[in-house]
Amino acid sequence: MELRTGVSKQDIREQIWDYMESQNLADFPRPVHHRIPNFKGASRAAEHFPRLQAFTTARTVKVNPDAPQTNARFFVLDSKKTLLVPTPRLRTGLFNKITPPPGATKDILRKCATSQGVRNYSTPVGLDSRVLVDLVVVGSVAVSEKGWRIGKGEGYADLEYAMMVSMGAVSQGTPVVTIVHDCQVINIPEALLEDHDLTVDYILTPTRVIATGCERPKPTGILWSKISCEVMGKIPILRSLRDRERQAGKDVTLQDEPRHLLGTSSLQPPPLGTVRRPRDPHQPGSCSGQGEDGPANTVYVGNLPRDTRVSELKRALRELGAVPQRLTWQGPQRRAFLHYQAPASAQQAVSCLQGLRLGAATLKVALARQQRAGDVTGGCSEEPYPDFCSAVSDL
């Protein structure tokens, strides 16, 4: 298909989605907008997959969880290779290993390859698993014969690959395959590509196998300067990888994170110690008023799981580079207050911690003076939270 002028990545996505819908080229789920399209002929396109030499020699294959790659996942299982599938939006880890039941028939293997089967027959693969991935399959919205790829715009495939590089699971020589409809193979201006974009080596369509011969280097690891604090808060394994790379001396400053929030060093924040001695709110220099420790400098963290320890919160703050000067812990009330030196630091911490999860809970984060007591007590008072200075843990 021919693209309209003035294209951006999003322009290309919209044109592909619109065309597939208008030409009735899509299968369930529909509409295909904002998805990796499940196209008619996806199973036929995947039949090329086991004929690739890269497939024949591979022992461990990572395949994305989208519907058009269902048949590709089946071929991996049917060939008795190890199948790894990324967890949706990386919420619970990087990927899971799919383990069919002993003696599984082809029908059972086909069920294991579905999205439901991936949930029912998977076990997590941890950071320390030392897994080596021999072949990678990713979904695409558009791809060029040169190997340039455009995803659905959320960046998860690029991030998954970068995380695998950081884990040592893939190298520059690891082949990358995508499976698409013929209409998704278009000319993509190279000017649209960025350093974090993943390229592909093979394109499989219902009618063709395209070896791209792409020589553009693939991502060499996680570009932390492209990662926002919000994304960090949503992906626990990303926080763990960041902590490892920080300890290795790498610059892990995030996209929207000023260096002063990382502590005395841009690479190594100060250690978090704990003193559980309550302060007297009547002592000079306590939290009354709008001074250094006043509400303008203080961040409220609520909805803490009931069994959360203060050390868990501190670890998360360290990993996100949002280390405060002091922390007021109010575990029984399922909340804490983070005290920063300046209002700007507190505001930046609020941005950094949005979407942060501990266990199954997404924490509530805001400037303390913007909170209402009713958020916790069920009342309607608009006063700042009481006991602002109790149970202070010095950092």
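What this report covers is the structure whose coordinates are included nearby.

Reading guide: rules and limits
- Residues numbered from 1 in each chain as written.
- Predicted model: local features only at pLDDT ≥ 70, side-chain atom pairs only at ≥ 80, totals over all residues.
- Heavy atoms only, no water.
- Helix = DSSP H or I, 4+ residues; strand = E, 2+ residues; numbered from the N terminus.
- Buried < 20%, exposed > 50% of the residue type's maximum accessible area, 1.4 Å probe, protein only.
- Contact = heavy atoms within 4.5 Å.
- Areas by Shrake-Rupley, 256 points an atom, 1.4 Å probe, with all protein chains shown as cover.
- Polar contact = N/O pair within 3.5 Å; in protein donor to acceptor, adjacent residues only side chain to side chain.
- Salt bridge = Lys/Arg side-chain N within 4 Å of Asp/Glu carboxyl O.
- Pairing = 2+ DSSP bridges.
- Core = buried A, V, L, I, M, F, W, Y, C linked by side-chain atoms within 4.5 Å.
- Expected span 1.5 Å × (residues − 1).
- Axes fitted to C-alpha atoms, helices over the stretch in contact; angles between N-to-C directions.
- Parallel < 35°, antiparallel > 145°, perpendicular 65-115°, else oblique.
- Left-handed = near helix turned anticlockwise from the far one by under 90°.
- Nonpolar A, V, L, I, M, F, W, Y, C, P; charged D, E, K, R; others polar.

## Section: the overall build of the protein chain
Along the protein chain, the regular secondary structure elements total 12 helices and 17 strands. Here the protein chain, with 395 residues, has 51% of them falling under the buried criterion. Considering only residue pairs separated by 6 or more positions, the protein chain has 66% of its internal contacts joining residues 24 or more positions apart. For the protein chain, the exposed area adds up to about 18400 Å²; of that, 48% sits on carbon and sulfur atoms.

## Quick notes on the environment of His339
Positionally, His339 belongs in strand β13 (residues 335-339). Looking at His339, the relative accessible area reads 0%, which means it is buried. There is a polar contact of 2.5 Å between the side chain of His339 and the side chain of Thr328.

## Here we look at helix α10 (residues 310-320)
When α10 is considered as a whole, its buried residues turn out to be Val310, Leu313, Lys314, Ala316, Leu317, Glu319 and Leu320. Remark: Gly321 follows α10 within two positions and exhibits a positive phi of approximately 70°.

## Topic: unusual backbone geometry
For the bond running from Phe28 to Pro29, omega is 0°, close enough to zero to count as cis. Take Pro29: it is sitting in the loop between α1 (9-22) and α2 (42-46). Positive phi values are uncommon outside glycine, yet His34 reaches one of about 70°. Mapped onto the elements, His34 comes out in the loop between α1 and α2. Residues other than glycine seldom take positive phi values, yet Asn303 does so here, at roughly 65°. Residue classification places Asn303 among the partly exposed residues on the basis of a relative accessible area of 27%.

## Some details on the pattern of salt bridges
Counted under the stated rule, the structure contains 12 salt bridges. Note that Arg208 and Glu145 form a salt bridge whose closest N and O atoms lie 3.0 Å from each other. One end of the pair, Arg208, is in the loop between β9 (202-204) and β10 (209-211); the other, Glu145, is in the loop between β6 (142-143) and β7 (149-150), and 63 residues separate them in sequence. Residue Arg208 is classed as partly exposed on the basis of its relative accessible area, which comes to 32%.

## Examining the pairing of strand β5 (residues 135-138)
Going residue by residue along β5, you find Leu135 and Val137 tucked away on one face and Val136 and Val138 tucked away on the opposite face as well. Here three bridges tie strand β1 (residues 60-63) to β5, and the two strands are oriented parallel to one another. The residue of β5 that forms the bridge with Val63 is Val137. Strand direction decides the pairing type here: β5 and strand β8 (residues 176-179), joined by three bridges, are parallel. Looking across to β8, one finds that Val138 is bridged to Thr178.

## Observations regarding the nonpolar core
Ranked by size, the top nonpolar core spans 63 residues in total, and within it Met163, Met164, Trp224, Leu238 and Val299 carry the most contacts. Sort the elements by how many residues they give to this core and helix α7 (residues 156-167) lands first, with eight residues. If sequence neighbours within four positions are ignored, Met163 has contacts with Leu90, Leu94, Ile222, Ile237, Leu238 and Leu241. Among the nonpolar cores identified, the runner-up in size contains 46 residues, and Ile16, Phe39, Leu77 and Val118 belong to it.

## A short note on α7
Given a rise of 1.5 Å per residue, 12 residues ought to cover 16 Å, and the 16 Å separating the end C-alpha atoms of α7 matches this to within 8%. Across the 12 residues that make up α7, a large majority, 10, are buried. Of the residues making up α7, those classed as buried are Ala157, Asp158, Leu159, Glu160, Tyr161, Ala162, Met163, Met164, Val165 and Met167. One or two residues past the end of α7 sits Gly168, with phi positive at roughly 80°.

## A closer look at the packing of α7 against helix α9 (residues 236-247)
As a packed pair, α7 and α9 sit with axes 11 Å apart at the nearest point and diverge in direction by 40°. One finds that α7 runs oblique with respect to α9. α9 is crossed by α7, and the crossing has left-handed handedness. Here Leu159, Met163, Ser166 and Met167 of α7 come into contact with α9, specifically with Ile237, Leu238, Leu241 and Glu245. Class assignment of the residues belonging to the contact of α7 with α9 gives a composition of six nonpolar, one polar and one charged.

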